[in-house]
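# Commentary on secondary and tertiary structure
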Amino acid sequence: MRYLLNNSTDPYFNMALDEFCLENIVLDEPYFYLWRNRPSVIIGLNQNAYSEVNLGYLNANGITLARRVTGGGAVYHDLQNLNYTIVGWQAANDTAAPCASHPAITGPTVIVEALRQLGVPAELTGRNDIFVEGRKVSGYARRVSKRQEIIHGTLMYDVDIDTLTQVLDTPESKLNAKGIGSVKSRVANLKDFLPGFKSLDEVQAALQDILASGDCQMELTEDQLAEVQRMADEKFSTWDFIYGRSRQADLVRKAKLPCGTVEAAISLDRGLITSITFAGDFMFDEPATELESKLIGCRFEYDALESVLSQTDISRFFRDTNSSDVLDLLLT
């Protein structure tokens, strides 16, 4: 396959590149590129950021949150995770299926075959996973636009599994229900199956050679790269796209503050607070109903909440407590 080289580790640029290629770069044969992201969580197009991700952990550890254009679940990336993207004509069962001059994309099958050439006994299992000896090493997702299809996925080489479990572990998540120990037993890093390679750089180079099979490199023009960057800046990195697509969610936050124990029951829709109620054994001078009213319609993110709280005499509603304490309660 022909290929692009993508050295960006910016998740917003990389998500934009996927959409740009799907919509704009059409060839007579599939093409691919390999890439990495700095520590980040990438959620599916239709997922709710508030119920799928441990946002408090992300914020405390400087991990980026991004949303992709494909479906599926949330995934954790770091620089020891290798991602692949393959773009081509959609496989179809109808009479409009691609012909020999426009071969259908073969997607994860190609990746499995490449891993096997490296000595890894990989296999496709379940809805959208690649397993090795019963443990998951990759997940992938796909999207179709105008009969062209994109398939992209992860290849965990030496990913920090502890961080992976923390960022995806929320009260509503599958990880929480099954336990972190169970998660660790069900996932694996490819490093364990590739003793002949010293680094992910070596593995990436080997996979690049196998997938390219001697085919040539493609290059995007400066104007095309500028358009990808514009998409990253104006769409993929924006609050509206990352959080504003999140539909209804109900959250409960509870903490011991100087005034006593405070529990906040919060309802969100598209990232905005639709209702909030404070309860607990805390001491106060006035009921918190005034503060609750002020927070209705507020974006559930640091700057917006801080703006409201900092302009309010919080000690009226939570004795001996300041705005920073309440902000930590809401976002942790």
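Preceding this paragraph is the structure being described.
What comes next is a walk through the structure.

What follows is about the packing of aromatic side chains. Tallied over the entire structure, the rule returns eight aromatic pairs. Ring geometry for Tyr 3 and Phe 32: centres 5.9 Å apart, planes at 40 degrees, overall tilted. Linking Tyr 3 in strand β1 (residues 2-3) with Phe 32 in strand β2 (residues 31-35), this pair joins segments that are 29 residues apart in sequence. A single burial state applies to Tyr 3 and to Phe 32, both of which are buried. Aromatic side chains Trp 239 and Tyr 243 sit 6.1 Å apart centroid to centroid with 25 degrees between the ring planes, which places their arrangement in the stacked category. The exposure classification of Trp 239 matches that of Tyr 243, with both residues buried.

The backbone of Glu 133 shows a phi angle near 50 degrees, a positive value even though the residue is not glycine. Mapped onto the secondary structure, Glu 133 falls in the loop between β8 (129-132) and β9 (135-145). Given a relative accessible area of 60%, Glu 133 falls into the exposed group.

Here we take up the sheet that holds strand β7 (residues 122-125). Across the sheet, which stays open at both edges, the seven strands sit in the order β1-β2-β6-β10-β9-β8-β7 with mixed pairing between neighbours. This sheet does not close on itself; its edge strands, each paired only once, are β1 and β7. Where strand β6 (residues 81-89) meets strand β10 (residues 148-156), nine bridges bridge the pair, whose relative direction is antiparallel. Following the sheet pairing, Gly 88 is matched in β10 by Glu 149. Across the sheet, helix α1 (residues 11-24) touches β2, β6, β9 and β10, and the angle it forms with β2 is around 180 degrees. The strands touched by helix α8 (residues 200-212) within the sheet are β1, β2, β6 and β10, with β2 carrying the most contacts at an inclination of about 180 degrees.

The computed volume of the second largest pocket comes to approximately 320 Å³. Lining the second largest pocket we find 15 residues, and of these Asn 59, Tyr 243, Glu 301, Tyr 302 and Leu 331 sit closest to its centre. At the level of secondary structure, the elements contributing two or more residues to the lining of the second largest pocket comprise α3 (55-61), α12 (302-310) and α13 (323-331). Element by element, the count of residues in the lining of the second largest pocket is highest for α3, at four residues.

This next bit is on the packing of α12 against α13. For the pair α12 and α13, interaxial distance at closest approach is 10 Å and the crossing angle is 145 degrees. The handedness of the crossing between α12 and α13 is right-handed. Between α12 and α13, the contacting residues are Tyr 302, Leu 305, Glu 306, Leu 309 and Ser 310 on the first element and Ser 323, Val 326, Leu 327, Leu 330 and Leu 331 on the second. Across the contact of α12 with α13, the residue classes tally to seven nonpolar, two polar and one charged.

As a further point, take the sheet that holds strand β5 (residues 75-77). Strand order in the open sheet made by the three strands is β4-β3-β5, with mixed pairing throughout. The open sheet has two edge strands with one neighbour each: β4 (64-67) and β5. Shown here is a sheet whose adjacent strand axes are inclined to one another by a mean of 25 degrees, direction ignored. Here three bridges tie strand β3 (residues 40-43) to β5, and the two strands are oriented antiparallel to one another. Residue pairing in the sheet places Ser 40 in a bridge with His 77 of β5. Of the strands in this sheet, β3 and β4 are in contact with α1, which crosses β4 at around 15 degrees.

Okay, the side chain of Ser 138 next. Its location among the elements puts Ser 138 in strand β9. Here the side chain of Ser 138 touches Thr 154 through a polar contact of 2.4 Å, landing on its backbone oxygen. Each residue touching Ser 138, except ones within four places of it in the same chain, is listed here: Tyr 84, Asn 128, Asp 129, Ile 130, Thr 154 and Leu 155.

Ranked by internal contacts, the top residues of the largest apolar core, which has 76 residues, are Val 41, Leu 65, Phe 278, Phe 300, Phe 318 and Leu 330. Per-element accounting of this core gives the leading share, eight residues, to α1. Beyond its immediate stretch of four places on either side in the chain, Phe 318 contacts Cys 259, Val 262, Phe 278, Phe 282, Met 283, Phe 284, Ala 288, Leu 291 and Val 326.

About the thresholds
- The residue numbers shown here count from 1 along each chain, following its written sequence.
- Confidence filtering applies because this is a predicted model: local features only for residues at pLDDT of at least 70, side-chain atom pairs given and counted only at 80 or more, and all residues used for totals across whole chains, interfaces and linings.
- The side-chain values count all of the structure's non-hydrogen atoms but skip hydrogen atoms and water molecules.
- Any Phe, Tyr or Trp ring, taking Trp's six-membered ring, that has another such ring centre within 6.5 Å forms a pair; planes under 30 degrees apart are called stacked, those over 60 apart edge-to-face, and the others tilted.
- Each helix corresponds to a stretch of at least 4 residues labelled H or I by DSSP, and each strand to a stretch of at least 2 residues labelled E; elements are numbered beginning at the N terminus.
- Relative accessible area decides the class of each residue, using a 1.4 Å probe on protein chains only: under 20% of the type maximum gives buried, over 50% gives exposed, and in between gives partly exposed.
- Strands are labelled as partners when DSSP assigns at least two bridges between them.
- Contacts are residue-level and defined by heavy atoms, with any inter-residue pair within 4.5 Å sufficient.
- To get an axis, fit a line to the C-alpha atoms, keeping to the stretch in contact for a helix; angles then go from 0 to 180 degrees between the N-to-C directions.
- Within this scheme a cavity is a closed region of a 1 Å grid, computed over the protein atoms alone, that accommodates a 1.4 Å probe without allowing it to escape, whereas a pocket is open but has protein on both sides within 12 Å along at least five of seven lines; lining residues each have an atom within 4 Å of a point.
- Grid points are joined across faces, edges and corners, and a volume is the space filled by probe spheres set on the points.
- Two helices that cross are described as forming a left-handed crossing if the nearer one is turned anticlockwise from the farther one by less than a right angle, and a right-handed crossing if clockwise.
- For this classification, the nonpolar set comprises Ala, Val, Leu, Ile, Met, Phe, Trp, Tyr, Cys and Pro, the charged set comprises Asp, Glu, Lys and Arg, and every other residue, Gly included, is treated as polar.
- Nitrogen and oxygen atoms within 3.5 Å of one another constitute a polar contact, given that in protein one can donate a hydrogen and the other can accept it, and given that sequence-neighbouring residues count only through two side-chain atoms.
- To qualify as a nonpolar core, a set must consist of buried Ala, Val, Leu, Ile, Met, Phe, Trp, Tyr and Cys residues joined through side-chain atoms within 4.5 Å.

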